[in-house]
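# Examining the three-dimensional arrangement
In case you want the letters, here they are:
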Amino acid sequence: MIRIDPHEIQAAIFDLDGVLTDTARSHASAWKEVFDQVLSTHDVEDENGRPFDMEGDYLRHVDGRPRLDGIRAFLASRDLDLPDGEEGDTSLDTVIGIGRAKNDLVARRLTRDSRPLPGALDLIATMKAVGMKVAVASSSANCAAVLEAVGLAEIVDARVDGLELERLGLAGKPDPAMFIEALRRVGVAADRAIVFEDAEAGVAAGRRAGFRLVIGIAGSDAHAAALRKHGADEVVENLSHVTLARVQAPGT
């Protein structure tokens, strides 16, 4: 169990998919469906033609990154070089077209299938009760809809998502810009804040942002090891393994 002292930590920044909600599974399955079509369409041969892998490919190349960056990273891993294309593309011959196909697929699933992960609602409610600031920093363009679906939209103090990244011209994870913007919005310095991430890129971004503590969320030993390698101070299975230290009244 990880204990957080609210006298020392004034804010918590959470990734969304795989940390607060179970939407990571919906994203991963949508990516697999689309990328397997891409590999088939472009007739990728030999060992580079293997299907998209939900553990390796998703975690290494896609998880935590802005949509188009994740597409480019996966394509590069299979020696595919496709043009970015233009806004509105719908084919699987461009990065933008692949991104649109994936988003159309996952958008139909997210608000229907989204559920809070164990410990998420209780931990955030406890943090808010003791005066801590809470923000969500997610590369997902569907972040607002998912927060609304799971009952967190009105609870968090700030949200920096994929739409905000585009609007503000910020780099995505592993660049720390998203986390730095979230900290700015809640008015807390990084050395007085904690971040929760399930993505290697997100953990790396949290370390670069200078958080007091970077906590990884992982469902397997291999995933946990990868998060530690990228800078996680601690790794837990879910947020039910995180609690706040007892707040004592002065003089007790």
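All residue numbers refer to position in the chain's written sequence, counted from 1. Since the coordinates come from a predicted model, pLDDT governs what is reported: local features require at least 70, and pairs of side-chain atoms require 80 or more to be given and counted, while whole-chain, interface and lining totals use all residues. Water and hydrogen atoms play no part in the side-chain values, which are based on all heavy atoms of the structure.

### Quick notes on the side chain of lysine 173
For clarity, the cut-off: Only DSSP runs of H or I with at least four residues qualify as helices, and only runs of E with at least two residues qualify as strands; both kinds are numbered from the N terminus onward. Here a polar contact is taken to be a pair of N or O atoms separated by no more than 3.5 Å, where protein atoms must pair a possible hydrogen donor with a possible acceptor and residues adjacent in sequence count only if both atoms sit in side chains.
As for its position among the elements, lysine 173 is in the loop between α7 (162-168) and α8 (177-186). Separated by 3.3 Å, the side chains of lysine 173 and aspartate 15 make a polar contact. Here the side chain of lysine 173 touches alanine 137 through a polar contact of 3.0 Å, landing on its backbone oxygen.

### Details of the pattern of salt bridges
Stated precisely, the cut-off is as follows: By salt bridge we mean one thing: a side-chain nitrogen of Lys or Arg within 4 Å of a carboxyl oxygen of Asp or Glu. Exposure classes here rest on a 1.4 Å probe applied to the protein chains alone. A residue is buried below 20% of its type maximum, exposed above 50%, and partly exposed in between.
Taken as a whole, this structure holds 16 salt bridges when the rule is applied. Among the ionic pairs, glutamate 8 bridges to arginine 192, the shortest N-O distance being 3.8 Å. Here glutamate 8 is found in the loop between β1 (2-4) and β2 (11-14), whereas its partner arginine 192 is found in the loop between α8 and β5 (193-197), with 184 residues between them in sequence. With a relative accessible area of 34%, glutamate 8 lands in the partly exposed category. Relative accessible area serves as the criterion here: at 26%, arginine 192 is assigned to the partly exposed category. Close ionic contact of arginine 159 with aspartate 161 constitutes a salt bridge, the shortest N to O distance being 2.9 Å. Overall, arginine 159 belongs to the partly exposed group, its relative accessible area being 34%. Taking relative accessible area as the criterion, aspartate 161 reaches 1% and is therefore assigned buried. Each of the salt bridges in this network shares a partner with another, and the network as a whole consists of Glu164, Arg167, Glu181, Arg184 and Arg185.

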